[in-house]
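# Coordinate analysis (summary)
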Amino acid sequence: MNLLQDNFPTFLQGFGYTLLSSVIALVGSMILGTGFAIMQIVPQKWARKIGNVYVQVFRNIPLLIITFFFFLVVSKYIKMSGFTSGTVALMLYTSAFIAETVRAGILSVDSGQMEGARANGLSFAQAMQHIVLPQAFRISLPSLGNQFINLVKNSSILAFVGGLDLMYQGNMVAANTFDTFSTYIIVAIFYLVITLPLSYYMQHLERKLKHAA
Amino acid sequence: MVTLGIFSAFTPQNVLYLLGGLGITVGVSVISVILSLIFGSVVGIIQFERLPFFSKFVGTINNVIRNLPLLLIIFFVYFALPKIGIHLPIFWATVIAMSTFESAMLAEIVRGGLESVDIGQFEGARANGLSNMQTMIYIILPQAYKRMIPPIISQLISLVKDTSLALGIVLAEMTYRGQIVYAQNSTYIIPVLIAITLVYFLLNYGLSLIARWADHKLA
Amino acid sequence: MSMIEFKNVEKYYGDFHALKHVNLKIDEGETVVLIGPSGSGKSTLIRTINGLEEIQEGQLLVNGFDLHDPKTDMNRMRKNVGMVFQHFNLYDNKTTLENVMLAPRLVLKRDEAENKKIAMELLEKVGLADKAANMPSELSGGQKQRAAIARSLAMRPKALLFDEPTSALDPEMVGDVLDVMRDIAKDSSMTMLVVTHEMSFAKAVADRVIFMADGEVLEDSTTREFFEKPKEVRAQKFLSQVEHH
Amino acid sequence: MSMIEFKNVEKYYGDFHALKHVNLKIDEGETVVLIGPSGSGKSTLIRTINGLEEIQEGQLLVNGFDLHDPKTDMNRMRKNVGMVFQHFNLYDNKTTLENVMLAPRLVLKRDEAENKKIAMELLEKVGLADKAANMPSELSGGQKQRAAIARSLAMRPKALLFDEPTSALDPEMVGDVLDVMRDIAKDSSMTMLVVTHEMSFAKAVADRVIFMADGEVLEDSTTREFFEKPKEVRAQKFLSQVEHH
Amino acid sequence: TAKKNEEHQDTLARVEKLGRIVWGVKADTRLFGLMDTKTGISQGFDIDIARAITVQISKQTGVPMSAEFVPVSSSSKMQLIKNTNIDGSVSTMTITPEREKIIDFTNQYFDAGQSILVKKDSGIRSIKDMNSSKYTVIVVVGTTAATELKKFAPKAKMLAVQDYATGMQALKSGQGQAMSTDNAILYGFATENPEYHIAGKAFTHGPYGIAFDNNQKPMIDETNKALATIKENGVYNKLVKKWFSNVPGLDWHSLEAK
Ligand SMILES: Nc1ncnc2c1ncn2[C@@H]1O[C@H](COP(=O)(O)OP(=O)(O)OP(=O)(O)O)[C@@H](O)[C@H]1O
Ligand SMILES: Nc1ncnc2c1ncn2[C@@H]1O[C@H](COP(=O)(O)OP(=O)(O)OP(=O)(O)O)[C@@H](O)[C@H]1O
Ligand SMILES: [Mg+2]
Ligand SMILES: [Mg+2]
């Protein structure tokens, strides 16, 4: 495993950027996704429409194209690096899926919770924030976890725009050493270090929630 | 400049060229869908059956594949497998990589679908004298699949979108061809990106409408 | 002064006519029991009073607020009108104490120390002081309902609405909850409207009884009148069924 | 000849001792009712008989098959032992008729025309001929249970096991199902083991009553003996509770 | 570390047996290999050279062979040769000692050197001006430019993208201030984008070779022979004229075979 020793800093840097991009995109997409989930359930028809269109658009087009759009088109007007373009694209793309997950979570919270809160004098926003959303997040924790795993995997898209992530560094090492086999195996292991434990934990959570139900 | 691009980017020959890419996108998708439905079902059932050792083993491999980026798997199949003597033409390398990854994703859906079937259905069938295999084929699978249609279609939508990743190994699918078109003239970039986006959207939105319809029909 | 007033109110669910030409007046401090067969519109009527359902026609005045006026601030109106539900609707993600303290903190901005003091007093009053730190899932049905009542009272409402507060409870739990309600009814400034099938409670506590059927208010009499000689045939029939049970 | 025989059977769920040293013999053609408080192991016992649960010690002989012997072909054994569940467990993806016809077709390879004839006769017998083409979701609970019984009978089993066949039913449905079961019990060659709380059914139909508590068989008497003077204190107490209800 | 490749079959034997040579060519590089969307086949100097070589090898060996083309990217071409997805590559590939350890090159068929393409009004006059961390230079993964850049402007940041099409778009959208690769390739972009030009002289010397898998002496010999022949008989010069005579600022005669 000379390859690993020689290129360890490179892999590690890539790993760092992958993590960084994933975490930023996660936080952003949670906020955006929750926002659009709420938009889809408020009484106002126009808000629902907007929420719905947003989700449908970003769910149904490839992440790669969104990434290119930011990297090549938007950056003409707003300066952004490959890393930023990729991370923003990742955030928007993932937020559509999170919106769907959170919306389903909200709908599965007993409607009595909202009614109880409204009758108790809380405003719609207060009831959402303090009562409905906390419960919705708990219910949808396993699927949110799976979205995060997808997000980490999808962050490999940064490789297409020089995003310095794990996949990008892997390609560079492969191009320099021609030892594609070992390189990609190492890259795979780095990804699995993040995704596999998460994935097992989510399976565990899912089972626990199912038993509780 | 942009408006100029809109008119000249879509010459008949560019449009035909992009449509050819769509053909490849659809081709890869359809073949991968069929393969991954078959393999995903088999692997999902193996995991569900809890066979001693074997199910755990298959499940672990499945989890590893499921938790890797598809892009990595594509690079691996096309660039790394030849190192151990497996040479695949680019189209088939893409199909194999996508089918491997999507099978793993579908296996998880199938396993979940099977687990959501009421245990009483098994017991009823077993007590009624049906064998394990018969119970699976005639009672459990039909019920599980009905429930799995919406998540499976979402996964298929992902699959269609993910074919774009094959541009990383220069498969001449639609996104790659889009790049080639705007390599001719950089004012084409916005109209071409929009056109491609629209095609993907229509393709996938169509699929998601089917999912919604199926969900409605089955509920 | 009237606390709640329905004037020619009509309410539809889509095509379904759920409240038909309702006229009704409940004065401050009154305790009124609302009865009627299943599907007659009791829940619908009571839910319109704190704006959980909209009305389509007529006028509905609650504590001076006109609920049919789109300019009315529902959140302000609701501060004065509490509601207790059949299925409690406690906040599942909060402890009993937090259930009681949340709305006063968020809506009334009540000082935290005072909020806690009031909440504990109320829990004491409904007999749940020792369950303050428990989650709703750890309470029995009767305890849940008493917690829900404490939660409503913490807002110091002028009116309290009850929608079958005891009908989801095991029989041995019903008494405790009715006792608490009786206590509240004694407070002469509190307006209470109660949907219930507990006729003994109605007889003992209510000033007036309203009988509904098919979305209409068929009878509106003093408690004594109603139980001694109900005017409506359907009310008579209903009474005989309920009391027989 | 004995159809079902437990010899010193022990059954554990993990550490939990669910069946304790059970000895029991049921002869061909007998109708036996199994009663006992909730959690006493009735379901566990009945489920071991057609192999839905494994036993850990002792011997369990059903129609000559030794169920504790790993070489025993469970599928063959099950052809002769039908089971009816509390929650029916009809095949949700098949029509009523298909529910009845499936196992004979797949397992007995019964000729299709004959299979259909037998199935329709059975549906006739349980009063469901007109529901042959309906899906289970379109049947009421009582109809579902009668369909499940027809499904079991179609295999022409020597023994039929019932695990609380009426306890998930609305009261007005119970009678029809019990009637069908009474009919079956009349057939002197059919062995029946029934877990139920319907004491009137037990009194009318059972040859013997077995009483379980805490995983043990505490009493095993003729029906008359059991209901007139149960030997065990716990059985007496149980009877008084159930009959009072 | 590249493995030896004894297990690979003889390329010449393979192409003779199959009657075709599969060439890897570029699809995103103007003048050398740019996809013609009508035919779906790249057009350019590289493609014409590959065709001419194929014809010539057919003559030499007496085995009729056709030329087939597979689009490759800078990042994939090396792998594709090693994987025998393609028989050989005529894809603006610089002959370097590192690469020669892994694959075999013919004699050079085109003379090139690395340059930078910048905006005309950028004030950047040569690669030396860019040796500062405030500059980002765009390169393509797997090209020699990526390695050479570190020697000539070590302080500059590097942004590596998957292909030239993306690279040029990235330059235009301001992801970097320069794109660096062989001048020959940059000429194509300069022709297409008048607001950009090549700044300074080429700072490396990196002629292009036709590449095959390693240990393919018979194929290399045949190709060298063919190459020499087309240079002699004027075919080569005709192709130079066809592709390079209209490039502004380029003395195309200097490219002709003498
Ligand atoms: N959201 C709704 N949409 C449509 N119809 C409704 C809705 N809520 C109630 N209804 C209908 O309105 C009628 C009155 O319902 P309501 O719940 O007010 O009756 P109720 O008197 O409270 O009955 P119960 O004693 O069963 O609680 C019923 O026929 C009911 O089906
Ligand atoms: N799969 C299982 N795993 C662990 N414990 C179990 C399992 N099934 C049943 N038990 C336990 O075994 C005991 C006997 O259960 P069983 O279902 O046989 O009782 P029962 O007599 O049928 O009760 P009921 O009248 O409520 O149906 C109970 O304490 C139950 O909790
Ligand atoms: Mg009601
Ligand atoms: Mg039981």
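To start, this report covers the structure provided alongside it. (Residues numbered from 1 in each chain as written. Chains lettered and ligands numbered in written order. Predicted model: local features only at pLDDT ≥ 70, side-chain atom pairs only at ≥ 80, totals over all residues. Heavy atoms only, no water.)

### Some points on the environment of Met98 of chain B
All names here are of chain B. Going by this rule: Helix and strand assignments come from DSSP, with helices taken as H or I runs of at least 4 residues and strands as E runs of at least 2, each series counted from the N terminus. A 1.4 Å probe rolled over the protein chains alone gives each residue an accessible area, and that area as a share of the maximum for its type sets the label: buried under 20%, exposed over 50%, partly exposed in between. Whether two residues are in contact is decided by their heavy atoms: any pair within 4.5 Å suffices.
Mapped onto the fold, Met98 is located in helix 5 (residues 90–115). According to the relative accessible area criterion, Met98 is buried, its value standing at 0%. Taking the C-alpha atoms as reference, Met98 lies 7.5 Å from Leu159; in sequence the two are 61 residues apart. Filtering out sequence-adjacent residues up to four positions away, Met98 remains in contact with Val28, Ser32, Leu70, Ser103, Leu159, Asp162 and Thr163.

### Comments concerning the side chain of Thr25 of chain B
Mapped onto the secondary structure, Thr25 of chain B falls in helix 2 (residues 12–49). Residues within four places of Thr25 of chain B in sequence aside, it is in contact with Val160, Thr163, Glu173, Met174 and Tyr200 of chain B.

### Side note on the site of ligand 2
Residue and element names in this part refer to chain D. Condition: Put simply, a residue is near a molecule or strand once any heavy atom of it comes within 4 Å of that molecule or strand. Distance and chemistry together define a polar contact, namely a pair of N or O atoms within 3.5 Å, with one atom able to donate a hydrogen and the other to accept it when in protein, and with adjacent residues in sequence counting only for side-chain atoms on both sides. Per-residue and other accessible areas were derived by the Shrake-Rupley procedure at a 1.4 Å probe size, with only the shown protein chains allowed to occlude residues. Gly is placed with the polar residues, together with every amino acid not listed as nonpolar (Ala, Val, Leu, Ile, Met, Phe, Trp, Tyr, Cys and Pro) or charged (Asp, Glu, Lys and Arg).
Ligand 2 sits among Tyr13, Phe16, Pro37, Ser38, Gly39, Ser40, Gly41, Lys42, Ser43, Thr44 and Glu164. In the model, an oxygen atom of ligand 2 is placed 3.1 Å from a nitrogen or oxygen of the Ser40 main chain. For ligand 2, an oxygen atom lies 3.2 Å from a polar atom in the side chain of Glu164. For ligand 2, whose accessible area on its own is 630 Å², the fraction buried by protein is 59%. Ranked by the residues each element gives to the shell around ligand 2, the list is headed by helix 1 (residues 42–49), at 3 residues. A breakdown of the residues in the shell around ligand 2 according to their chemical character gives 3 nonpolar, 6 polar and 2 charged.

### A look at the packing of aromatic side chains
Condition: Pairing of aromatic rings covers Phe, Tyr and the six-membered ring of Trp, with a centre-to-centre limit of 6.5 Å; geometry is then stacked below 30 degrees between planes, edge-to-face above 60, and tilted otherwise. Lysine NZ or arginine CZ positioned within 6 Å of the ring centre and within 35 degrees of the ring normal marks a charge as sitting over the ring.
According to the stated counting rule, one finds 34 aromatic pairs over all chains in the structure shown. Centre to centre, the rings of Tyr184 of chain A and Phe75 of chain B are 5.9 Å apart; their planes meet at 15 degrees, and the pair counts as stacked. Of this pair, Tyr184 of chain A sits in helix 9 (residues 180–212) while Phe75 of chain B sits in helix 4 (residues 70–80), on two different chains. By relative accessible area, Tyr184 of chain A is classed as buried at 2%. For Phe75 of chain B, a relative accessible area of 2% translates into the label buried. An aromatic cluster is built from Phe32, Phe45, Tyr109, Phe110, Tyr208, Tyr236 and Phe244 of chain E, whose rings are joined through pairwise contacts. Above the ring of Tyr17 of chain B, the side-chain terminus of Arg177 of chain B is found at 4.4 Å from the ring centroid. The ring centre of Tyr236 of chain E lies 5.2 Å from the NZ or CZ of Lys231 of chain E, which sits over that ring.

### Comments concerning a nonpolar patch on the surface
Residue and element names in this part refer to chain B. Just so we agree on the cut-off: Patch criteria: residues need more than 30% relative accessible area and no salt bridge. Like-charged residues are merged within 9 Å; nonpolar side chains of Val, Leu, Ile, Met, Phe, Trp and Tyr are merged within 5 Å. For salt bridges, the criterion is a side-chain nitrogen of Lys or Arg within 4 Å of an Asp or Glu carboxyl oxygen.
A surface patch of nonpolar side chains, about 570 Å² in accessible area, is lined by Val26, Val30, Ile34, Ile38, Phe39, Val42 and Leu203. If one sorts the elements of the nonpolar patch by residue count, helix 2 sits on top with 6 residues. By the secondary structure assignment, Ile38 is in helix 2.

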